[in-house]
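One-letter residues, chain by chain:
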Amino acid sequence: MEKTPTNNIVPHNINENDTAIVSLVGAGPGDPELLTIKALNVINHADVILYDHLVSPEIVALFPTHTNTIAVGKRFNCCSTPQKTINQLMIDFALKGQSICRLKGGDPFIFGRGGEEALYLEQHHIRYQVIPGITAAMGCCAYSGIPITHRNVSRGFTVITAHGNDYDIDWPTLAQLQHTIIFYMGLHKVAWIAQQLIAAGVSSQTPMAIISQGTTPQHTHLISTLIELPQQLALNPLASPALIVVGDVVRFANQIHSIPDSVNNVLAL
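Keep in mind it's a predicted model, so treat the numbers as computed, not measured.

Rules used in this analysis
- Residues numbered from 1 in each chain as written.
- Predicted model: local features only at pLDDT ≥ 70, side-chain atom pairs only at ≥ 80, totals over all residues.
- Heavy atoms only, no water.
- Helix = DSSP H or I, 4+ residues; strand = E, 2+ residues; numbered from the N terminus.
- Buried < 20%, exposed > 50% of the residue type's maximum accessible area, 1.4 Å probe, protein only.
- Contact = heavy atoms within 4.5 Å.
- Areas by Shrake-Rupley, 256 points an atom, 1.4 Å probe, with all protein chains shown as cover.
- Phe/Tyr/Trp six-rings, centres within 6.5 Å; stacked < 30°, edge-to-face > 60°.
- Pairing = 2+ DSSP bridges.
- 1 Å grid on protein atoms, 1.4 Å probe; cavity = no way out; pocket = protein on both sides within 12 Å on 5 of 7 lines; lining within 4 Å.
- Points joined across faces, edges and corners; volume = space filled by probe spheres on them.

(A) Local environment of the overall build of the protein. Tallying secondary structure elements over the protein gives eight helices and 10 strands in all. Here the protein holds 269 residues, and 49% of them are scored as buried. For the protein, long-range pairs separated by at least 24 residues make up 68% of all intrachain contacts whose partners lie at least 6 apart in sequence. In the structure as shown, the protein presents an accessible area of about 14100 Å², 53% of it carried by carbon and sulfur atoms.

This is the structure we're talking about:
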């Protein structure tokens with residue numbers, strides 16, 4: 001039986017002998033040891049690295065000194081690089097015959113606009129590949145001792161962005177799923193998230209965690225309940241990036257203490 005090819009995406013109208021290529025690479029949640037071998041190989045051999053704000057300083061420190069590196073990140077309420085500019089940079093460098101590492105925090109296809117960039121490259125007939133990374137939901141929860149799924153506790157999980165219009169989230173459906181719910185980009189909306197979930201029928205005593213700067217040496221988590229955590233956060237502010245986890249699996253954070261050597265100060269406040 002002929003095996004389905006497993007190599008990365010190469011548009012059919014591109015010469016596969018062409019060395020110029022854009023790699024959409026997931027850098028993982030922050031710990032450089034969570035980089036895949038393939039991601040590190042691309043970083044080490046790229047002519048240009050276009051990297052996001054969410055790529056940790058520890059990973060940026062691994063960039064070869066001779067490589068052209070350009071920060072193209074986006075920050076909450078700060079100056080950000082427009083997506084149009086990022087797209088044009090990829091095209092410009094590729095047309096010069098250079099290999100580009102488009103490096104993103106987590107996984108490029110999970111809230112990383114990797115799909116948008118892949119489609120843009122398709123439209124402009126630029127050869128590219130996609131290299132997945134460990135997404136924040138998996139990495140940060142694991143480093144905090146929170147199993148996203150657990151037998152007889154959570155049969156599934158839902159990841160959702162809190163960034164954007166408030167009315168985009170179907171709260172009643174989320175409440176009925178009985179999944180672990182993980183919010184990206186929601187640090188500034190914790191009280192609102194808790195209010196909406198309680199209003200939709202989730203118990204106010206449901207465990208809730210905020211994981212700040214996950215998998216880095218600054219990894220910190222704050223654990224409480226839907227009703228209490230917003231007030232505790234006000235008393236103990238956390239830095240972004242942060243992940244919000246809601247569900248009974250959060251209780252295991254106080255029982256599972258397998259902390260990697262790269263994390264020095266995991267705190268349950």
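Next comes the rest of the description.
(B) Region of the structure containing the packing of aromatic side chains. Under the definition given, this model contains four aromatic pairs. For the pair Trp-171 and Trp-192, a centre-to-centre distance of 5.2 Å together with 85° between the ring planes defines the contact as edge-to-face. With Trp-171 in helix α6 (residues 171-177) and Trp-192 in helix α7 (residues 190-199), this residue pair connects regions lying 21 residues apart in the sequence. The pair Trp-171 / Trp-192 is uniform in exposure class, with both members buried. An aromatic cluster is defined as three or more aromatic residues linked by ring pairs; in this entry it consists of Trp-171, Phe-183 and Trp-192.

(C) Geometry of the environment of Glu-33. Take Glu-33: it is sitting in the loop between β1 (22-26) and α1 (37-45). Look at Glu-33 and you get exposed, because its relative accessible area is 69%. Taking C-alpha positions, Glu-33 is 8.9 Å from Ile-59, a pair spaced 26 residues apart along the chain.

(D) View of the pairing of strand β7 (residues 180-184). Across the five residues of β7, five count as buried, placing the element largely inside the fold. In this structure, strand β6 (residues 157-161) lies alongside β7, joined through five bridges in parallel fashion. When the sheet's bridge partners are listed, Val-159 is paired in β7 with Ile-182. Pairing of β7 with strand β10 (residues 242-246) involves four bridges; the strand directions are antiparallel. Paired with Tyr-184 across the bridge in β10 is Leu-243.

(E) Helix α5 (residues 136-143), seen in detail. Burial runs high along α5: six of the eight residues are buried. In this structure, the buried side of α5 is in contact with β6, β7, β8 (207-212) and β10.

(F) Main features of the side chain of Ser-99. If you trace the backbone, Ser-99 turns up in the loop between α3 (83-95) and β4 (100-104). Once you skip the residues sitting within four places of it in the chain, Ser-99 turns out to touch Ile-21, His-45, Ala-46, Asp-47 and Val-48.

(G) The layout of surface pockets, seen in detail. Put simply, the second largest pocket is a space of about 270 Å³. Those elements that provide at least two residues to the lining of the second largest pocket are α6 and β7.

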